[in-house]
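Residues per chain are reported as follows:
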4 protein chains.
Amino acid sequence: MSSSDRVLNAGVLGATGTVGQRFIVLLSQNPMFRIHSLGASERSAGKAYRLATKWKMSDLIPEAIKDVLVKPCDPSQFSGCDVVFSGLDASVAGEIEKAFFEADFAVFSNAKNYRMIPNVPLCVPVVNTDHYALVASQRAERGLKKGFIVTNSNCSTSGLVVPLKALQDKFGPLRRVMVTTLQAISGAGYPGVASLDILDNIVPLIAGEEPKMEAEVMKILGGVTTDASACAPLTDLRVSATCNRVPVLDGHTECVSLEFAGAPPSIEEIKQCLREYTCEAQSLGCYSAPKQVIQLAEQEDRPQPRLDRNAGDGMSVTVGRIRECPVFHVKFTLLVHNTVLGAAGASILNAEYAAKKGYL
Amino acid sequence: MSSSDRVLNAGVLGATGTVGQRFIVLLSQNPMFRIHSLGASERSAGKAYRLATKWKMSDLIPEAIKDVLVKPCDPSQFSGCDVVFSGLDASVAGEIEKAFFEADFAVFSNAKNYRMIPNVPLCVPVVNTDHYALVASQRAERGLKKGFIVTNSNCSTSGLVVPLKALQDKFGPLRRVMVTTLQAISGAGYPGVASLDILDNIVPLIAGEEPKMEAEVMKILGGVTTDASACAPLTDLRVSATCNRVPVLDGHTECVSLEFAGAPPSIEEIKQCLREYTCEAQSLGCYSAPKQVIQLAEQEDRPQPRLDRNAGDGMSVTVGRIRECPVFHVKFTLLVHNTVLGAAGASILNAEYAAKKGYL
Amino acid sequence: MSSSDRVLNAGVLGATGTVGQRFIVLLSQNPMFRIHSLGASERSAGKAYRLATKWKMSDLIPEAIKDVLVKPCDPSQFSGCDVVFSGLDASVAGEIEKAFFEADFAVFSNAKNYRMIPNVPLCVPVVNTDHYALVASQRAERGLKKGFIVTNSNCSTSGLVVPLKALQDKFGPLRRVMVTTLQAISGAGYPGVASLDILDNIVPLIAGEEPKMEAEVMKILGGVTTDASACAPLTDLRVSATCNRVPVLDGHTECVSLEFAGAPPSIEEIKQCLREYTCEAQSLGCYSAPKQVIQLAEQEDRPQPRLDRNAGDGMSVTVGRIRECPVFHVKFTLLVHNTVLGAAGASILNAEYAAKKGYL
Amino acid sequence: MSSSDRVLNAGVLGATGTVGQRFIVLLSQNPMFRIHSLGASERSAGKAYRLATKWKMSDLIPEAIKDVLVKPCDPSQFSGCDVVFSGLDASVAGEIEKAFFEADFAVFSNAKNYRMIPNVPLCVPVVNTDHYALVASQRAERGLKKGFIVTNSNCSTSGLVVPLKALQDKFGPLRRVMVTTLQAISGAGYPGVASLDILDNIVPLIAGEEPKMEAEVMKILGGVTTDASACAPLTDLRVSATCNRVPVLDGHTECVSLEFAGAPPSIEEIKQCLREYTCEAQSLGCYSAPKQVIQLAEQEDRPQPRLDRNAGDGMSVTVGRIRECPVFHVKFTLLVHNTVLGAAGASILNAEYAAKKGYL
């Protein structure tokens, strides 16, 4: 029986944090997974989940999870798990994820630590699942049978690369991309952004976000080497990102201008390209794959985070205001749900894809 | 006795609206002007000001103004006024401002109606007071003795042109400018933006704002023809604006990337240039001229609207995050108080300048 | 076949407003109803629904509804409807609802116009469905066969009466109730509250709300006369309401202190009473009846509108902070979803109840 | 020369926190004081103030303070100070304030630690400066010459007691007071309330606030024993407080219902009483005393925090919506600036009063 036909046991590392909470909400509704083990810091270990976490989701804590005892993030405690999702903070993710990976677990991580390692897929599941080809190299390197690590991207990156990938596939390489983001507070975790910093305010800096976003785009939109031993990031594209924090709960808005390397398509051709874009996770019938990868906003004052962030249950990217740019070729505004496609949802769809393709 | 030595009688058109309220707050604290007459719609005319307006400023209604009777916006009612400020809505400003102008009044308008007329100064008072040279042409055209009209720019334009002007003066022409704005709700007047549209939300469109901003920059950064009969907008600069509404009360944040036509200066040279920029309104000793036209933010996560909008009593532009742009030459973030330098404050400083230069 | 066994055709009056939009979202997910006709103003009539409305819900417009043509609110256009839901504004609801009622339609109204008419049930469906006894009187008065009108209460009332009813049923009459509300902006419709009025602000007045709330509580918690010809409001209870508007999208928070007429129960007895409260709509198996009418908040800093408003899909009331009051007997804080149990959801459950009981 | 005729040297303890920042803003504008020494934690000591603090005020850091070196909070470092203001956190205030007091400093504290000590004045300076009579007892107890400690109240208490005092003085004792607060986030300091907890939300609990408020009212509205050795709190008043956190930056709104012990005055008499209320700090000509202790809101939908919090430069309390209560005698809504009259401003006016009366 292939792993895609049975329910997989899932472990969640960092289960008490905001990304961990989102993992739990999404996994509880997902027929491909059963939550098997919850891991958190030593401080939480041994407590019932509902007592160990400060729940901040609008969805209630799933009944079945409330009294699950939290474990320490130690691979020996997670035997029985077919897959491990990590919502760990970067400060601890490096060591713990490595331990699970070396203990032959399939790890799907939301942390930044291993994203830029050449043979680790940095995978937005509606964009570059072809990077799974790197898994064999990982296993060979460490002599593993089942273990590997797949990371998902920064939340703001995950929105941007979706239309860029669609356009690049259809109209050839891009030359220059300028993006300004308006990012939701949930991207900073809990307690995260102080209310005194963001009520009636904008914070025009998210430390480290801009270079991260610029580098991740190059890797995701690139390919892998012919021997599948490393990723092969783009080299000719130039990306400039400016990142702002805004008083919005969920949903990153991104204003994008771009220039094609070759002759630009018309606005109508661009719209059609985005509307028709599909990905392999859809054709494989993955549960979390959105019906429509890119939704075009029907109204000219959309997308808006409050109204559009749940498009495709948070797994679609909504694109609107597609128009000519007086400086580059085209401008548009996109919206991505930063904790779904931008975080936990991406990891889960990455795992579904892995199951369908026999990696689990 | 020159007009700059005596207190000038000021009329305010559209006195009950949000721009009108800001005019009243600022004029009440300004030693160069005495509020003489308040004009509003027929519905308000005849009422005491405090009953005619729905006051929304944090500053209280000035005591001396509370019981002033509102007049209709008819030039015959404003005799005795040395200067007329217009905070009228564009839907009525065209006709009314024309009537005052033709009745030989000096009109300082915040409305968009006459901004793009070739011999009407579109004047950000810390940037292009040299456009006052057009006044003679206006008077000649209509056979007026004292009357003329000076407009100030759109609120988002007024912030952008300040550093652009400083850089252009010092380092020569700019080639390309990309700007994404995060604009405060007060820019839309009252009732303006519905709370259901902006709480926990971003609106990625401000109707008509982007082309207006792109065109105004060209006029303001340009000069006037040698016979001073018309403005001479720039032709070689390309500007692309993307405008968003955000849940902030006052203060427009703008993320700017730009490319010089020639070799770019260093980041340090740019900082020094901005810091040292001065304007004629300062050297004339105009009351509302800020001590520092451009304030450089000292902290890397600034400017922030809540903390920086009142820099220079709202008449300074704060610039921060000055850094190299991976796509163009330089990127920075600026903040302008949209109802002070971006609206009423600009009109008032324009009038102070006019007084000092003998136009009143 | 009884009406409770078949899908009922529903008309929605005022379909383009915020309450109308909520009716459409809820009815689209409700197996007991099929949306048959949408009515709105003459201005909207004849247009496809998606073009006639300015959709503000986070849920997308149901596909099946997008292109339904909007009708004028004229009974002759609604033949085929088994039930008519009214989300009309009070300014027009009086005349239109009367026309439908007299044309023998069963009308479930969210408007205030007929709430205080003695033989019109003012019905919070988890509280006082016994008031349906008044329907016969309505029909007799006008010689109707099927027509009647049932109103639901003001949104803030609908939350308050639920725990009061539970306590009154169990521990006998209440003597005094003091309530201070913190009401969400969605209660004011669209455009409703201006953002300049509510960002970083509280508005301590909701015009007309306090006396409405005080009077509605008396009617709902009272009974009907023995001949079922009129309601019999309480006379001995005294209620004092203070209503504030706060910057929250959905969910009214209410701080309640109360005094029993007799000896007060203990805090533990009160908690148990609230937890165990059930209503007839539940036992009849109505689709929209919440599993738990009153949810007790488990954490001491709850209920919170963002986290708890969707309890029971918006049909439960969440009560927390139950403690002794130094002045009265007991204090607590409750939360009600103002546009679900507080508006459209109540109307729909009222109609489900009517169907189950054979009124339709 | 009396201390009221010369500029006093002021020390500020906890200078880098939010209350400390407010002290610095207010003292910088106050002609009676000169900032002499700034104290903070060991971590900050030795740094320039602008580097030691994370400045969050809308007013800029005063130029004269920017480069002042921060000291540790040790009395030996504060010689030369005539008065010491404490904005320390309660976790450290107990020990440090005691050290200063015992070292013969006059300490004005915003912390809660000593508020309920019988011979420590808990003084809202527009309400109960008669409690300064306790100072002699403090000095006698410790054999001090100049030292004493005066505390100001909790921020929400400071608003409530002002109208209560006015009414009690004029119409005799109160019997019962019910108050529900809507408190600003600045009351929780920085970082304080997480934005994820308060955007689109209400938090219906402020830990420890309700009993604190209830007890402080009793002490402040009471007197002192005839031998001036202890305060004599009220015993017959009953107060019930419910405290909520709301998404407002500054300004606590409080909804109050009250019952007089005797026959109630009319609403008009109450308005007149509040309007005419004066305090000794006014008649002494203290710089920070507001012109009007209680401002009556002129519009029925006021007070509103954004519009009214700066009344009297934050030292006035604004009262509106004065009306009969169906349960008690009268209801009204008040607003107090929680970091001015509710914190630093109260301490400063307390010190001004002490100077005028010869306590310094």
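This text goes with the structure placed above it.
Not measured: the values here are computed from a predicted model.

S.K.: Any chance you could explain the relation of the copies chain A and chain B here in plain terms?
M.R.: Copy one and copy two of the chain differ by a rotation about an axis and a translation along that axis. Expressed as a screw transformation, the operator carrying chain A onto chain B has a rotation angle of 180 degrees and an axial translation of 0.0 Å, and the superposed copies differ by an RMSD of 0.0 Å. The relationship between the two copies is best expressed as a two-fold rotation axis.

S.K.: Explain the sheet that holds strand E11 (residues 252-260) of chain A to me, please; I cannot follow it from the model alone.
M.R.: Strand pairing in a sheet takes place through backbone hydrogen bonds and is either antiparallel or parallel in direction. Residue and element names in this part refer to chain A. Here 6 strands make up an open sheet; going across it, the order is E10-E7-E11-E14-E13-E12 and the pairing mixed. Every other strand in the sheet has two partners, leaving strand E10 (238-245) and strand E12 (294-296) as the edge strands with one partner each. For this sheet, the mean angle separating the axes of adjacent strands, direction not counted, is 25 degrees. Here 8 bridges tie strand E7 (residues 174-183) to E10, and the two strands are oriented parallel to one another. Across the sheet, residue Arg176 finds its bridge partner in E10, namely Arg238. Along the sheet face, helix H8 (residues 209-221) touches E7, E10 and E11 and points at about 140 degrees away from the line of E10.

S.K.: I tried to follow the interface of chain A and chain B on my own but got confused; where do I start?
M.R.: How big an interface is tends to be stated in terms of accessible area lost as the parts join. At the junction of the two partners, chain A supplies 48 residues and chain B supplies 48 residues. Buried area between chain A and chain B, summed over both chains or domains, comes out near 3800 Å², and the portion from carbon and sulfur atoms is 55%. At the junction of chain A with chain B, the criterion picks out 8 salt bridges. Among the salt bridges present, the one from Arg323 of chain A reaches Glu210 of chain B, with a minimum N-O distance of 3.1 Å. Across the contact surface, chain A and chain B share 26 residue pairs in polar contact (both at pLDDT 80 or more). Residue contributions to the side of chain A that touches chain B peak at 7 residues, all from E10 of chain A. Of the residues assigned to the side of chain A that touches chain B, the class counts are 23 nonpolar, 9 polar and 16 charged.

S.K.: Explain the pattern of salt bridges to me, please; I cannot follow it from the model alone.
M.R.: Note on pairing: side chains with opposite charge can pair once their charged atoms come close. A complete count under the given rule lists 88 salt bridges over all chains for this structure. A salt bridge links Asp67 of chain B to Arg50 of chain B; the shortest N-O distance between them is 2.9 Å. Pair noted here: Asp67 of chain B is in the loop between helix H2 (49-52) and strand E3 (71-72) and Arg50 of chain B is in helix H2, with a separation of 17 residues, a long-range link. Measuring nitrogen to oxygen at the nearest pair gives 2.7 Å for the salt bridge that ties Lys357 of chain C to Glu280 of chain C. With a gap of 77 residues between them, Lys357 of chain C in the segment after helix H11 (340-356) and Glu280 of chain C in helix H9 (residues 280-283) connect regions that are remote in the sequence.

S.K.: Would you mind going over the sheet that holds strand E5 (residues 106-109) of chain A with me for this structure?
M.R.: All names here are of chain A. Spatially, 6 strands are ordered E3-E2-E1-E4-E5-E6 in an open sheet, and the strand pairing comes out parallel. Edge positions in the sheet fall to strand E3 (71-72) and strand E6 (148-151), since each has one partner strand and no second. Sheet analysis places strand E1 (residues 8-13) next to strand E2 (residues 33-40), joined by 6 bridges and oriented parallel. When the sheet's bridge partners are listed, Leu8 is paired in E2 with Phe33. The strands that helix H1 (residues 18-28) touches are E1, E2 and strand E4 (83-86); relative to E2, the one it contacts most, it runs at about 165 degrees. Along the sheet, helix H12 (residues 340-356) contacts E1, E2, E4, E5 and E6; its crossing angle with E5, the most-contacted strand, is approximately 150 degrees.

S.K.: It is not clear to me how empty space enclosed by the protein should be interpreted in this structure. Could you clarify?
M.R.: Throughout the structure, instances matching the rule amount to 8 cavities of 30 Å³ or more. The volume enclosed by the largest cavity comes to roughly 110 Å³. Every element with two or more residues in the lining of the largest cavity is listed here: E7 and E11 of chain A together with strand E7 (174-183) and strand E11 (252-260) of chain B. Split into classes, the residues belonging to the lining of the largest cavity amount to 7 nonpolar, 6 polar and 1 charged.

Cut-offs used in this document
- Residues numbered from 1 in each chain as written.
- Chains lettered and ligands numbered in written order.
- Predicted model: local features only at pLDDT ≥ 70, side-chain atom pairs only at ≥ 80, totals over all residues.
- Heavy atoms only, no water.
- Least-squares fit on C-alpha atoms with pLDDT ≥ 70 in both.
- Pairing = 2+ DSSP bridges.
- Helix = DSSP H or I, 4+ residues; strand = E, 2+ residues; numbered from the N terminus.
- Axes fitted to C-alpha atoms, helices over the stretch in contact; angles between N-to-C directions.
- Contact = heavy atoms within 4.5 Å.
- Buried area = accessible area lost by both parts, 1.4 Å probe.
- Salt bridge = Lys/Arg side-chain N within 4 Å of Asp/Glu carboxyl O.
- Polar contact = N/O pair within 3.5 Å; in protein donor to acceptor, adjacent residues only side chain to side chain.
- Nonpolar A, V, L, I, M, F, W, Y, C, P; charged D, E, K, R; others polar.
- 1 Å grid on protein atoms, 1.4 Å probe; cavity = no way out; pocket = protein on both sides within 12 Å on 5 of 7 lines; lining within 4 Å.
- Points joined across faces, edges and corners; volume = space filled by probe spheres on them.

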